[in-house]
Amino acid sequence: MKKYTYLLASVFFWTLPFSISAQQTPVFSEYNYNPFLINAAYAGVENAAEATLTNSGFNNEFEGTPQNLSFTFNTRLNEGKMGLGAGIINDEIGVTSATQVFAAYAYKIYLNNNVHPYWKVYDRSFISFGLTAGALMYNEDLLRLGIQNDVNFSENINATLPSAGVGVLFGHANFFAGVSMPNVLGDTFANQDNINLTRPVYAYTGYHFVTSKYDPDLILKPSVLFKYENGAPFQADLNLSANYKNAFEIGAGFRTSNTFNFVAGFYLFKNFRALYNYSQISLGDAPIANTHGIVLSYRGGNGFLN
């Protein structure tokens, strides 16, 4: 019975309007609350070191549905002119799994100087350029499906490939916009013809609307992410979240693959953030269409205080 469960999950998700082979399909919680996952240029943007643990799909009822676990760390150097970071991402779906480990470097160019009258509200503008390098360990346990007399399922696929990514990020006050390609190499160095890793391109932007700059009780955070991937439909994510007094946060979003996202969480001792997210594909009550996830973050210094 188990092999049919894996087969159904694999067939179902291979027919969805996105590619799982890239192993980087965006998830609401990950790219909104840890943009470093998809853009190395984010490294060192915050005023203190930040570590984030995410886990989605951990309690899916249907065996073989997507599961993701990631841990990242990034920090600023040289008064914020540079950033360093590292991460590990593990994705599993059906009989396919991929683990990526990477290190990242970012360099920032400030577009205005720090000389201004003491009475003037001052916001620095910057452009950050980021690079990543690492390795991707890719596995497809095709024999587990038990499909006979088909050469495409006659052996497992195991490969370790180099990975590299690039990204750029612009920021000014409460506005941000970025473009990135986390997987520039794709399957260029694969020694097997049946490995197909695409090169997704992400573009995203957003703004933080603050009710009062000197007393920011309520902050509204609209954002949008676009994804282009060869062989898959163009994808857009539209999201809106609200933060109240840095005590709790709620949000919702919609993805053009007919996915609805919801998030809720709270902040502890200014340095810790814990979020729960839920995603549902509009395909009825099928349990494989529902995904639960958590995001745990720590930020040093003044933490998440605005």
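Residues numbered from 1 in each chain as written. Predicted model: local features only at pLDDT ≥ 70, side-chain atom pairs only at ≥ 80, totals over all residues. Heavy atoms only, no water.

**A word on the nonpolar core**
Moving on, step 1. Phe36, Ile38, Leu169, Tyr204 and Leu225 are the most contacted members of the largest nonpolar core, which has 17 residues in total.
Moving on, step 2. Elements that contribute at least two residues to this core include exactly β4 (96-110) and β8 (201-207).
Moving on, step 3. Among the elements that make up this core, the one with the highest residue count is β4 (three residues).
Moving on, step 4. Not counting residues within four places of it along the chain, the set of residues in contact with tyrosine 204 comprises Pro35, Ile38, Asn39, Leu169, Phe176, Ala177, Gly178, Val224 and Leu225. (Core = buried A, V, L, I, M, F, W, Y, C linked by side-chain atoms within 4.5 Å. Buried < 20%, exposed > 50% of the residue type's maximum accessible area, 1.4 Å probe, protein only. Helix = DSSP H or I, 4+ residues; strand = E, 2+ residues; numbered from the N terminus. Contact = heavy atoms within 4.5 Å.)

**Let's talk about the confidence of the model for the protein**
Any segment with low pLDDT has predicted coordinates that should not be analysed in fine detail.
Moving on, step 1. Per-residue pLDDT for the protein has a mean of 80; in total, 74% of the residues score no lower than 70.
Moving on, step 2. Across residues 116-122, where pLDDT falls below 50, the model places six contacts with residues more than four positions away in sequence or in other chains. (pLDDT = per-residue confidence, 0-100.)

**Quick word on the side chain of serine 279**
Moving on, step 1. Turning to its location among the elements, serine 279 is positioned in strand β14 (residues 272-281).
Moving on, step 2. One polar contact links serine 279 to asparagine 261, side chain to side chain, over a distance of 2.7 Å. (Polar contact = N/O pair within 3.5 Å; in protein donor to acceptor, adjacent residues only side chain to side chain.)

**Here's the deal with the packing of aromatic side chains**
Moving on, step 1. Scanning the model with the defined rule gives ten aromatic pairs in all.
Moving on, step 2. Seen in terms of ring centroids, phenylalanine 176 and tyrosine 204 are 6.2 Å apart; in terms of plane orientation they differ by 50°. Their pairing is tilted. Here phenylalanine 176 is found in strand β7 (residues 175-181), whereas its partner tyrosine 204 is found in strand β8, with 28 residues between them in sequence.
Moving on, step 3. On the accessibility criterion, tyrosine 204 (8% relative accessible area) is buried.
Moving on, step 4. Seen from their ring centres, tyrosine 244 and phenylalanine 248 are 5.7 Å apart, and the 45° between their planes marks the pair as tilted. (Phe/Tyr/Trp six-rings, centres within 6.5 Å; stacked < 30°, edge-to-face > 60°.)

**Description of the pattern of salt bridges**
Moving on, step 1. Inspection of every chain in the model, using the stated rule, returns five salt bridges.
Moving on, step 2. Note that glutamate 249 is salt-bridged to lysine 221, the shortest N-O span being 3.4 Å. Of this pair, glutamate 249 sits in strand β12 (residues 248-255) while lysine 221 sits in strand β10 (residues 218-228), and the two are 28 residues apart along the sequence. There is no split in this pair, since glutamate 249 and lysine 221 are both buried.
Moving on, step 3. Across the salt bridge formed by aspartate 237 and arginine 255, the nearest N and O atoms sit 2.8 Å from each other. Separated by 18 residues along the polypeptide, aspartate 237 in strand β11 (residues 235-244) and arginine 255 in strand β12 bring together distant segments of the chain. There is no split in this pair, since aspartate 237 and arginine 255 are both buried.
Moving on, step 4. Put simply, Glu46, Glu50 and Arg299 are held in one network by salt bridges that share partners. (Salt bridge = Lys/Arg side-chain N within 4 Å of Asp/Glu carboxyl O.)

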